[in-house]
Amino acid sequence: MTIVEQPAATRALLPEPEPHRVLGTGAAPDARLWPELYRLLVRGRRLNEQATALTRQGRLAVYPSSTGQEACQIAAALALEPRDWLFPSYRDTLAVITRGVPPAAALGLLRGDWHTGYDPREHRVAPLCTPLATQLPHATGLAHAARLRGDDVVALALVGDGGTSEGDFHEALNFAAVWRAPVVFLVQNNRYAISVPLAAQTAAPSLAHKAVGYGMPGRLVDGNDAPAVLTVLREAVAHARSGGGPTLVEALTYRIDAHTNADDATRYRPPEEVAAWRERDPLTLLARDLRAHGLLTDETERAARADADTLAAALRAALNTDPALDPLDLFAHVYATPTPQLREQRDAR
Amino acid sequence: MAQALNRALRDALAADPDVHLLGEDIGTLGGVFRVTDGLAAEFGPERCADTPLAEAGILGAATGMAMYGLRPVVEMQFDAFGYPAFEQLVSHVAKMRNRTRGALPLPLTVRVPYGGGIGGVEHHGDSSEAYYMATPGLHVVTPATVADAYGLLRQAIATDDPVVFLEPKRLYWSRDDTVELPATVEPFGRAVLRREGADATLVTYGPAVPVCLAAADAAREAGWDLGVLDLRTLVPFDDATVCAEVRRTGRAVVVHEASGFAGPGAEIAARVTERCFHHLAAPVLRVTGHDIPYPPPMLERHHLPDVDRVLSAVARLQWEDQV
Ligand SMILES: Cc1ncc(C[n+]2csc(CCOP(=O)(O)OP(=O)(O)O)c2C)c(N)n1
Ligand SMILES: [Mg+2]
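Residues numbered from 1 in each chain as written. Chains lettered and ligands numbered in written order. Predicted model: local features only at pLDDT ≥ 70, side-chain atom pairs only at ≥ 80, totals over all residues. Heavy atoms only, no water.

Angles between donor atoms at a metal ideally measure 109.5 degrees for a four-coordinate tetrahedral arrangement and either 90 or 180 degrees for a six-coordinate octahedral one. All names here are of chain A. Surrounding the magnesium ion (ligand 2) are the protein donor atoms D161 (OD), N190 (OD1) and Y192 (O), which sit 2.0 to 2.1 Å from the metal. Mapped onto the sequence, the residues coordinating the magnesium ion (ligand 2) show the spacing D-x28-N-x1-Y. Like N190, the residue Y192 is buried in the burial classification. (Donors = N, O, S within 2.8 Å, 3.2 Å for Na, K, Ca; no water. Buried < 20%, exposed > 50% of the residue type's maximum accessible area, 1.4 Å probe, protein only.)

Structure (structure tokens):
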């Protein structure tokens with residue numbers, strides 16, 4: 001990733017003429033945090049595998065896997081306090097689960113018994129959002145509302161590289177910057193929007209560069225380096241919390257699986273490319289660092305896997321039963337009070 | 001009417017600190033139609049906020065504010081300039097309560113100046129109500145009188161669901177000195193008979209109400225006694241009052257400015273036919289805008305329903321078959 005040099009004259013005019021690159025923190029390992037991060041990565045990977053398996057068994061309608069992106073998923077959830085809000089997209093089930101939503105509830109959308117399987121207020125997690133980038137203005141608005149009320153609340157919104165081309169991305173970031181709203185935008189740049197590579201998406205030197213145009217800080221981070229992503233996000237959250245306004249964080253990562261179980265990624269990606277990114281697997285990277293510092297033993301590794309297996313088994317069990325469905329639910333939540341027309345349609349059933 | 005709307009906004013801001021107005025030029029300027037005149041000065045620039053110029057951003061941010069518990073009131077500057085916000089409206093605003101099983105209701109009002117008749121150039125005369133009516137989860141409301149402008153807007157802001165509040169542009173300058181504000185706050189879903197009539201019912205709303213009242217006056221000469229029913233809320237729709245009235249007269253003409261094809265009148269005519277078939281002496285007819293893009297100002301009078309077109313529809317209500 002090369003950052004195009006700005007002419008000196010332009011640079012002098014801009015508060016922050018280019019994004020900061022944090023391709024790794026180089027920090028000494030945190031003996032408590034890093035092993036915990038690893039445990040969550042292992043759990044996340046296992047849940048990704050389990051959810052994909054559940055699509056083959058017909059228990060999930062579809063699953064957009066975040067295999068390869070677990071570091072971003074876990075860090076996004078850990079960067080927030082319980083009082084903060086998370087705004088996920090369809091690919092961010094793991095972040096939702098890491099924030100405390102039970103796995104089966106987080107997968108409600110993809111199971112298909114209702115659009116959102118959890119009460120967003122309980123863990124302060126907005127519904128998984130499918131129309132690209134449309135959740136971003138919600139995050140801006142919610143953060144702005146919290147600030148207007150004098151509440152200490154930060155919003156963190158997730159979006160993909162493709163989503164940055166949407167108008168709502170632009171509008172959300174512009175509003176956030178103008179309002180100095182306490183919101184953090186995390187772009188998981190996994191190089192593809194379904195089949196379309198990043199080069200067809202933007203001519204910007206990096207997605208983090210877009211921050212410059214909005215007058216907010218931009219950060220570029222190795223999205224497969226879990227401690228680095230968490231550090232950058234925590235800084236951005238702290239900056240928002242202290243009244244500094246929004247930050248755009250671009251995390252460079254890779255979607256190891258296809259777009260969803262229904263996609264065939266071999267039609268648009270060479271196997272060598274996937275293999276190269278497997279070498280940069282976020283779990284492998286962190287395990288290597290931990291082992292180098294004596295923070296990961298075979299035993300803790302086994303314990304992490306056992307914990308993940310237990311969670312996966314619980315998820316299987318929860319989704320292997322048929323959900324209770326009531327057709328009358330169709331009419332229950334359209335309006336606070338059903339219109340006469342809806343009452344009539346319900347009663348005619 | 002603009003003053004009644006202004007008063008409704010002022011009273012709502014004063015009554016509830018969670019009410020926040022957002023829009024383009026609504027602050028210092030007071031809105032291009034002056035509906036928010038003086039509100040930024042009185043309540044401050046945060047409660048009557050000029051936003052960046054981006055309708056999807058405005059509505060999307062308002063959605064997030066409503067998710068947090070505020071009661072945003074958004075102004076779209078003109079009907080056609082609400083279209084950039086359509087995705088937010090349809091995919092989120094209308095659905096949030098439903099997709100969260102009632103956990104996240106959105107008490108949010110979108111005010112839209114709509115319709116033609118003011119000599120506006122292209123993109124300033126659309127009647128967009130059919131798009132909103134076809135979107136489950138939205139209330140769609142449009143006042144035709146000064147009192148309703150106040151009462152329905154207060155109700156819209158107090159409602160725990162999203163409301164698209166359509167303000168007939170050409171009635172902004174209408175006056176009614178008999179109305180004392182604050183007027184009564186009106187519940188949604190009740191049509192009101194603006195004029196009683198024994199022979200046929202003109203079913204209408206918003207900017208076409210005065211046209212129908214004038215047509216009913218003129219019809220006297222032809223010997224027809226026409227009733228005028230003002231729907232006031234298109235969603236929820238007042239089937240009960242509409243049907244009671246049409247059953248009484250046996251004849252109905254639906255009148256609106258929006259295009260006729262797949263327009264509100266198609267739905268209304270179908271509903272009346274399904275429910276009142278044996279009471280009808282003639283098919284329900286429609287007088288609507290033509291099925292064309294909104295015309296340039298020098299031609300708009302040939303597009304908008306007027307007294308003559310209403311009367312010629314009334315003449316086609318098969319009076320000759322009467323026994
Ligand atoms: C507004 C909109 N257009 C199209 C789609 C269909 N769609 C779903 S995911 C996707 C690709 C998104 O790519 P990116 O933003 O990079 O996120 P990723 O899937 O890689 O996580 C597309 C085109 C959509 N969901 N919403
Ligand atoms: Mg992508």
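This paragraph deals with the side chain of A:D161. Residue and element names in this part refer to chain A. Here D161 is to be found in the loop between β3 (155-160) and α9 (167-179). Here D161 occupies a buried position and makes no salt bridge, while the nearest side chain of opposite charge, R191, is found at 7.4 Å. Reaching out from D161, the side chain makes a polar contact with the backbone nitrogen of N190 at a distance of 3.4 Å. Among the polar contacts listed, one links the side chain of D161 to the backbone nitrogen of Y192, at a separation of 3.3 Å. (Helix = DSSP H or I, 4+ residues; strand = E, 2+ residues; numbered from the N terminus. Lys, Arg positive; Asp, Glu negative; His and termini not counted. Salt bridge = Lys/Arg side-chain N within 4 Å of Asp/Glu carboxyl O. Polar contact = N/O pair within 3.5 Å; in protein donor to acceptor, adjacent residues only side chain to side chain.)

Here a ring pair, both rings aromatic, is described through the centre-centre distance and the interplanar angle of the planes. Under the criterion given, the structure shown has 14 aromatic pairs over all chains. On the basis of an interplanar angle of 70° and a centroid distance of 6.2 Å, the ring pair of B:F33 and B:W173 is categorised as edge-to-face. On the criterion of sequence distance, the pair formed by B:F33 in the loop between β1 (19-23) and α2 (39-43) and B:W173 in the loop between β6 (163-168) and β7 (192-195) is long-range, its members being 140 residues apart. Look at B:F33 and you get buried, because its relative accessible area is 14%. Pairing B:F86 with B:Y132 gives two aromatic rings, centres 6.4 Å apart and planes at 50°, and the pair type is tilted. Residue B:F86 is located in helix α4 (residues 86-93), and its partner B:Y132 is located in helix α6 (residues 129-133); the two are separated by 46 residues in the primary sequence. Its relative accessible area of 28% is what places B:F86 among the partly exposed residues. Given the relative accessible area of 4%, B:Y132 is considered buried. Among the aromatic residues, those joined into a ring-pair cluster are B:F33, B:F78, B:F81, B:Y172 and B:W173. The ring of A:Y192 carries the charged tip of A:R269 above its face, separated from the ring centre by 5.7 Å. (Phe/Tyr/Trp six-rings, centres within 6.5 Å; stacked < 30°, edge-to-face > 60°. Lys NZ or Arg CZ within 6 Å of the ring centre and 35° of its normal.)

Let us look at the environment of B:M298. Relative to the helices and strands, B:M298 is located in the loop between β12 (285-289) and α11 (307-315). Along the primary structure B:M298 and B:G120 are separated by 178 residues, whereas in three dimensions their C-alpha atoms are 9.4 Å apart.

Now for helix α11 (residues 226-241) of chain A. Residues and elements named next belong to chain A. Between its first and last C-alpha atoms α11 spans 22 Å; for 16 residues at 1.5 Å apiece the expected length is 22 Å, and the two agree. Every buried residue of α11 is accounted for by A226, P227, A228, V229, L230, V232, L233, A236, V237 and A240. Once α11 finishes, G243 follows within two positions and takes phi at roughly 95°, a positive value. (Expected span 1.5 Å × (residues − 1).)

On to the site of ligand 1. Residues and elements named next belong to chain A. Close to ligand 1 lie 16 residues; Y90, R91, D161, G162 and G163 are nearest. Between ligand 1 and the protein, one listed contact pairs an oxygen atom with a side-chain N or O atom of R91 at 2.6 Å. In the model, an oxygen atom of ligand 1 is placed 2.7 Å from a nitrogen or oxygen of the D161 side chain. Here ligand 1, which alone exposes 580 Å², has 74% of that area covered by the protein. (Near = heavy atom within 4 Å. Areas by Shrake-Rupley, 256 points an atom, 1.4 Å probe, with all protein chains shown as cover.)

Taking burial as the measure, the nine residues of helix α3 (residues 70-78) of chain A include eight buried ones, the bulk of the element. Looking at α3(A), one finds that the buried residues are A:E70, A:A71, A:C72, A:Q73, A:I74, A:A75, A:A76 and A:A77.

Among the nonpolar cores identified, the biggest contains 84 residues, and A:F87, A:F185, B:L59 and B:L231 are the most heavily contacted of them. Shared between two domains, this core holds at least three residues of each, these being domain 1 (2-171) and domain 2 (192-322) of chain B. Filtering out sequence-adjacent residues up to four positions away, B:L59 remains in contact with B:V74, B:M76, B:A85, B:Q88, B:L89, B:V93, B:L108 and B:V110. Judged by nonpolar contacts, the second largest core, of 57 residues, contains A:Y38, A:I74, A:V221 and A:V249. (Core = buried A, V, L, I, M, F, W, Y, C linked by side-chain atoms within 4.5 Å. Domains from an automatic or database assignment. Contact = heavy atoms within 4.5 Å.)

Take the interface of chain B and chain A next. Contact with chain B, which involves 44 residues of that partner, is made by 43 residues of chain A. With both chains or domains summed, chain B and chain A bury close to 3,600 Å², and 60% of this area falls on carbon and sulfur atoms. Looking at the side of chain B facing chain A, the largest losses of area belong to B:Y68, B:R99 and B:R101, adding up to 22% of the total buried there. At the boundary of chain B and chain A, one finds four salt bridges. Measuring nitrogen to oxygen at the nearest pair gives 3.0 Å for the salt bridge that ties A:D329 to B:R101. At the surface where chain B touches chain A, the tally comes to 21 residue pairs in polar contact (both at pLDDT 80 or more). (Buried area = accessible area lost by both parts, 1.4 Å probe.)

Residue and element names in this part refer to chain B. For β1, the buried fraction is high: five of the five residues fall into the buried class. Judged by which residues are buried, β1 turns out to be covered on both faces: V19, L21 and G23 on one side and H20 and L22 on the other are all buried. Here β1 pairs with strand β3 (residues 71-75) via five bridges, running parallel. Residue H20 lies in a different strand from β3, and its bridge partner there is P72. Pairing of β1 with strand β2 (residues 48-50) involves three bridges; the strand directions are parallel. Residue pairing in the sheet places L22 in a bridge with A49 of β2. (Pairing = 2+ DSSP bridges.)

This paragraph deals with empty space enclosed by the protein. All names here are of chain B. Enumeration according to the criterion identifies five cavities of 30 Å³ or more in this entry. Reported here for the largest cavity is a volume of approximately 60 Å³. Around the largest cavity sit L59, M76, G82, A85, F86, L89, V110, V112, Y132 and V164, which together line it. Broken down by secondary-structure element, the contributors of at least two residues to the lining of the largest cavity are α4 and β4 (109-114). Residue composition of the lining of the largest cavity, grouped by class: nine nonpolar, one polar and no charged. (1 Å grid on protein atoms, 1.4 Å probe; cavity = no way out; pocket = protein on both sides within 12 Å on 5 of 7 lines; lining within 4 Å. Points joined across faces, edges and corners; volume = space filled by probe spheres on them. Nonpolar A, V, L, I, M, F, W, Y, C, P; charged D, E, K, R; others polar.)

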